[in-house]
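The residues making up each chain are set out below.
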Number of protein chains: 2
Amino acid sequence: MSRSGYTVDHRLSDVDANVHHAWDNDLEPILTVEPGDVVRFECRDAVDGQLPVDASAADVPEVSFDPVHPLTGPVAVEGAEPGDVLEIELLAFQHKGWGYTAFMPGEMGLGLLPEEFPEAGLHVWDLEDDVGRFVNGIEVPLDPFPGVIGVAPGEPGEHDTLPPRSVGGNVDIKHLTAGSTLYLPVEVDDALFSVGDCHAAQGDGEVCVTGIEAPMFVTCRFDIHDDRELDAPQFETDGPFTPTGHDERMYATSGVEDDLMAATKSAVRSMIDHLSAERGLTRGEAYILCSAAVDLKINEVVDAPNWVVSAYLPESLFPDPEE
Amino acid sequence: MSRSGYTVDHRLSDVDANVHHAWDNDLEPILTVEPGDVVRFECRDAVDGQLPVDASAADVPEVSFDPVHPLTGPVAVEGAEPGDVLEIELLAFQHKGWGYTAFMPGEMGLGLLPEEFPEAGLHVWDLEDDVGRFVNGIEVPLDPFPGVIGVAPGEPGEHDTLPPRSVGGNVDIKHLTAGSTLYLPVEVDDALFSVGDCHAAQGDGEVCVTGIEAPMFVTCRFDIHDDRELDAPQFETDGPFTPTGHDERMYATSGVEDDLMAATKSAVRSMIDHLSAERGLTRGEAYILCSAAVDLKINEVVDAPNWVVSAYLPESLFPDPEE
């Protein structure tokens with residue numbers, strides 16, 4: 001899960017002095033780099049250690065959101081000016097052998113279907129040999145990426161890390177894998193880049209509110225473009241464009257509704273029903289698997305007044321019954 | 001683009017007597033089949049011949065929507081009852097050598113970005129060797145599927161074919177390729193199946209309101225399940241899950257907004273900007289290429305209040321500048 005041919009110029013550990021918990025362009029940079037420099041960031045998990053490897057579902061409601069998300073940074077990229085574009089070449093990711101997927105108690109209103117999941121849920125994944133181990137012999141291939149990656153907003157003050165913004169942040173774009181290049185609009189001098197909340201895998205949508213959350217090292221190279229303008233993130237990626245890294249048989253459930261969010265909810269509800277009825281998962285396990293390895297696609301947004309969104313489940317996640 | 005190992009039991013031409021233009025469970029079936037039967041349907045294009053192979057953009061505003069969509073059917077599947085599930089195994093598609101992608105004058109309000117495209121646009125595609133030929137040497141691989149595929153709604157009366165419904169219809173799911181199996185809820189006796197509006201290719205989203213619209217033959221096999229229930233379409237598919245049939249470098253533009261439709265529009269607007277600035281397309285050509293070969297994915301729907309949708313462009317659509 002790395003690109004060859006680079007040398008790390010700077011290493012940043014995840015000690016408290018290198019970690020912040022809100023976007024704020026008034027934060028002092030912990031490092032200043034030149035364009036072309038390669039930095040290896042140690043990143044904490046999304047809830048900052050509150051769900052360790054031996055956690056259980058009972059621990060999830062006790063999680064405090066105050067330290068969410070711990071981000072490593074900010075790093076100043078010398079010469080970046082408002083109006084420029086910061087290029088971040090993602091070179092490598094290295095997890096630490098484990099991760100978790102959690103959903104919160106429904107009353108917190110997080111995730112796509114909080115009303116259907118009043119109780120919290122948790123799965124702790126052993127990450128070995130580039131797969132995550134789930135229940136019933138199900139294995140999810142790993143394609144690590146940073147859930148939160150961004151630069152400081154131009155607007156002064158502290159900004160919550162939960163919502164993504166035009167300058168990036170919690171974009172949860174699972175295609176920002178090793179080998180990808182992300183372009184972000186710069187709004188403050190020296191850009192002030194931070195990264196964290198890494199996921200070892202995630203389905204498009206991240207429906208239960210977490211991917212496979214995992215502490216991780218992120219290695220990337222920076223560059224600045226003063227000859228282009230952006231008003232939102234753009235990126236280049238080699239994918240993979242399926243949860244398993246190859247085209248294969250998938251089972252899909254569609255939502256047909258006059259609102260894209262309603263269509264998305266319908267599609268995911270039907271997929272949870274399918275996973276429960278046909279694959280023997282509890283509804284909580286199904287919700288977690290959807291978040292970790294089921295992709296949401298917009299099939300059409302033009303056949304007014306109804307739009308179609310479908311959820312896609314790769315069949316090779318499941319053990320072959322004949323083996 | 002076909003599955004081997006079947007025999008066609010029935011052929012239906014696209015003569016007027018076999019074609020209808022609205023969903024209506026009072027229509028007489030043009031054919032009654034048994035479960036297991038294979039039917040080859042000849043299907044007209046979406047606008048029923050009003051945009052022939054030598055049409056130009058000037059013809060598009062003259063298109064009447066009265067005959068949209070011409071559907072071949074209905075076919076009665078003997079024994080299907082309300083509450084059952086109709087299985088449609090898609091066996092083969094055969095186009096007739098050409099197709100078109102059109103967008104309507106903006107004042108009609110069709111497509112994702114009507115306000116940005118006041119004038120109509122059209123590209124007529126030569127379809128040969130399983131690729132569609134666009135401008136500037138761009139080639140789009142073909143993966144044919146039916147834009148409209150469904151059964152009669154239970155509610156009496158005529159229903160417009162434009163919106164998809166829980167019983168299918170204009171779902172525009174591009175993964176319903178040869179080898180796929182679609183499951184639809186049955187609402188009336190004998191299901192009353194119809195198909196049409198075939199696309200030789202389409203991006204997820206179909207943003208300009210048409211794919212590569214092409215008259216086509218569709219071959220499928222029917223079966224009935226009385227032991228399961230559905231409230232919306234479900235399907236199995238082998239993909240492909242990218243516009244080119246393989247993972248490859250893609251350029252992607254993201255929309256970050258507090259509404260999924262707004263995020264979708266932002267992502268597509270940025271992709272049109274990119275195609276204009278970096279690939280030398282007119283904005284109209286870019287809109288058409290987005291509709292034919294750019295995929296929309298929902299990256300996250302849980303990081304309130306902002307959601308992320310991205311548009312993905314495969315780089316191999318473009319001719320290699322070094323060749």
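Conventions we followed
- Residues numbered from 1 in each chain as written.
- Chains lettered and ligands numbered in written order.
- Predicted model: local features only at pLDDT ≥ 70, side-chain atom pairs only at ≥ 80, totals over all residues.
- Heavy atoms only, no water.
- Domains from an automatic or database assignment.
- Contact = heavy atoms within 4.5 Å.
- Buried area = accessible area lost by both parts, 1.4 Å probe.
- Salt bridge = Lys/Arg side-chain N within 4 Å of Asp/Glu carboxyl O.
- Helix = DSSP H or I, 4+ residues; strand = E, 2+ residues; numbered from the N terminus.
- Nonpolar A, V, L, I, M, F, W, Y, C, P; charged D, E, K, R; others polar.
- Pairing = 2+ DSSP bridges.
- Axes fitted to C-alpha atoms, helices over the stretch in contact; angles between N-to-C directions.
- Buried < 20%, exposed > 50% of the residue type's maximum accessible area, 1.4 Å probe, protein only.
- Polar contact = N/O pair within 3.5 Å; in protein donor to acceptor, adjacent residues only side chain to side chain.
- Core = buried A, V, L, I, M, F, W, Y, C linked by side-chain atoms within 4.5 Å.

### A few points about the domain arrangement of chain A
Interface size is often expressed as the accessible area that is lost when the parts come together.
Residue and element names in this part refer to chain A.
Part 1 of the reasoning: Segmentation of chain A into domains returns domain 1 (10–236) and domain 2 (250–317).
Part 2 of the reasoning: Contacts between domain 1 and domain 2 engage 34 residues on the former and 23 residues on the latter.
Part 3 of the reasoning: Sorting the residues of domain 1 by area buried against domain 2 places Leu112, Phe117 and Val207 first, and these three jointly supply 25% of that buried surface.
Part 4 of the reasoning: Viewed at the interface, domain 2 and domain 1 are joined by four salt bridges.
Part 5 of the reasoning: We note a salt bridge from Arg269 to Glu115, for which the minimum N-O separation is 3.7 Å.
Part 6 of the reasoning: Within the residue set of the side of domain 1 that touches domain 2, elements represented by two or more residues are β7 (98–103), β8 (121–128) and β10 (139–141).
Part 7 of the reasoning: It is β8 that provides the largest number of residues to the side of domain 1 that touches domain 2, a total of four residues.
Part 8 of the reasoning: Among the residues forming the side of domain 1 that touches domain 2, the class breakdown is 17 nonpolar, 11 polar and six charged.

### Let's talk about the sheet that holds strand β10 (residues 139–141) of chain B
All names here are of chain B.
Part 1 of the reasoning: Reading across from one edge, β7-β8-β9-β10 is the order of the four strands in this open sheet, with antiparallel pairing throughout. At either margin of the open sheet sits one strand with a lone partner, and together these are β7 (98–103) and β10. Direction aside, the axes of adjacent strands within the sheet are offset by 30° on average.
Part 2 of the reasoning: Across two bridges, strand β8 (residues 121–128) lies against strand β9 (residues 131–133) in antiparallel orientation. Directly across from Leu127, in β9, lies its bridge partner Gly132.
Part 3 of the reasoning: Across the face of the sheet, helix α2 (residues 283–293) comes into contact with β7, β8 and β10 while running at roughly 50° to β8.

### Notes on the pattern of salt bridges
Part 1 of the reasoning: Enumeration over the complete set of coordinates arrives at 24 salt bridges over all chains.
Part 2 of the reasoning: Across the pair A:Glu116 and A:Arg283 runs a salt bridge whose closest N-O atoms are separated by 3.5 Å. A residue pair is termed long-range when its members are at least 10 positions apart, and A:Glu116 in the loop between β7 and β8 and A:Arg283 in helix α2 (residues 283–293) qualify at 167 residues.
Part 3 of the reasoning: The class of A:Glu116 is partly exposed, set by a relative accessible area of 25%.
Part 4 of the reasoning: Under the relative-accessibility criterion, A:Arg283 is labelled partly exposed at 34%.
Part 5 of the reasoning: Notably, a salt bridge pairs B:Glu42 with B:Lys96, separated by 2.5 Å at the nearest N-O pair.

### Re the interface of chain B and chain A
Part 1 of the reasoning: Chain B puts 64 residues into the contact, and the matching count from chain A is 65 residues.
Part 2 of the reasoning: In total, chain B and chain A occlude about 5200 Å² of area from one another, counting both sides; carbon and sulfur atoms represent 54% of this.
Part 3 of the reasoning: Between B:Arg249 and A:Glu236 there is a salt bridge; the shortest N-O distance is 3.9 Å.
Part 4 of the reasoning: At the boundary of chain B and chain A, one finds 32 residue pairs in polar contact (both at pLDDT 80 or more).
Part 5 of the reasoning: Residue assignment for the side of chain B that touches chain A shows that the elements contributing at least two residues are β13 (181–185), β16 (234–237), β17 (250–257), α1 (260–279), β18 (295–300) and β19 (307–314) of chain B.
Part 6 of the reasoning: It is β17(B) that contributes the most residues to the side of chain B that touches chain A, six residues altogether.
Part 7 of the reasoning: Among the residues forming the side of chain B that touches chain A, the class breakdown is 30 nonpolar, 19 polar and 15 charged.
Part 8 of the reasoning: Where strand β17 (residues 250–257) of chain A and β16(B) come together, four bridges link them in antiparallel fashion. When the sheet's bridge partners are listed, A:Thr253 is paired in β16(B) with B:Gln234.

### Considering the nonpolar core
Within soluble globular proteins, side chains that are nonpolar generally end up buried alongside one another.
Part 1 of the reasoning: Formed by 198 residues in total, the largest nonpolar core has its most connected members in A:Phe41, A:Leu289, B:Phe41 and B:Leu289.
Part 2 of the reasoning: Discounting residues that sit within four places of it in the chain, B:Phe41 has contacts with B:Leu12, B:Thr72, B:Val75, B:Phe193, B:Val195, B:Met216, B:Phe217, B:Val218, B:Cys220 and B:Phe222.

### Digging into the pairing of β8(B)
All names here are of chain B.
Part 1 of the reasoning: Both β7 and β8 contribute to a ladder of six bridges, which runs antiparallel. Following the sheet pairing, Tyr100 is matched in β8 by Val124.
Part 2 of the reasoning: As consecutive antiparallel partners, β8 and β9 are separated by two residues, and within that stretch Asp129 has a phi angle of approximately 55°, a positive value.

### Details of the sheet that holds β8(A)
Residues and elements named next belong to chain A.
Part 1 of the reasoning: Strand order in the open sheet formed by four strands is β7-β8-β9-β10, and the pairing between neighbours is antiparallel. With one partner strand each, in any of the chains shown, β7 and β10 form the two edges of the open sheet. Mean inter-strand twist for the sheet, computed between neighbouring axes without regard to direction, equals 30°.

### Section: α2(A)
All names here are of chain A.
Part 1 of the reasoning: Along α2, nine of the 11 residues are buried, which leaves the element largely enclosed by surrounding structure.
Part 2 of the reasoning: Of all the residues in α2, the buried ones are Gly284, Ala286, Tyr287, Ile288, Leu289, Cys290, Ser291, Ala292 and Ala293.
Part 3 of the reasoning: Taken together, the buried residues of α2 touch β7, β8, β10, α1 (260–279), β18 (295–300) and β19 (307–314).

### Regarding the pairing of strand β14 (residues 193–199) of chain B
All names here are of chain B.
Part 1 of the reasoning: The element β14 is largely enclosed, with a buried count of seven among its seven residues.
Part 2 of the reasoning: By the bridge criterion, three bridges tie strand β5 (residues 71–77) to β14 in an arrangement that is antiparallel. Among the inter-strand pairings, Val75 is bridged to a residue of β14, identified as Phe193.
Part 3 of the reasoning: The pairing of strand β11 (residues 145–151) with β14 spans six bridges and is antiparallel. Pairing of Phe145 across the sheet is with His199, part of β14.

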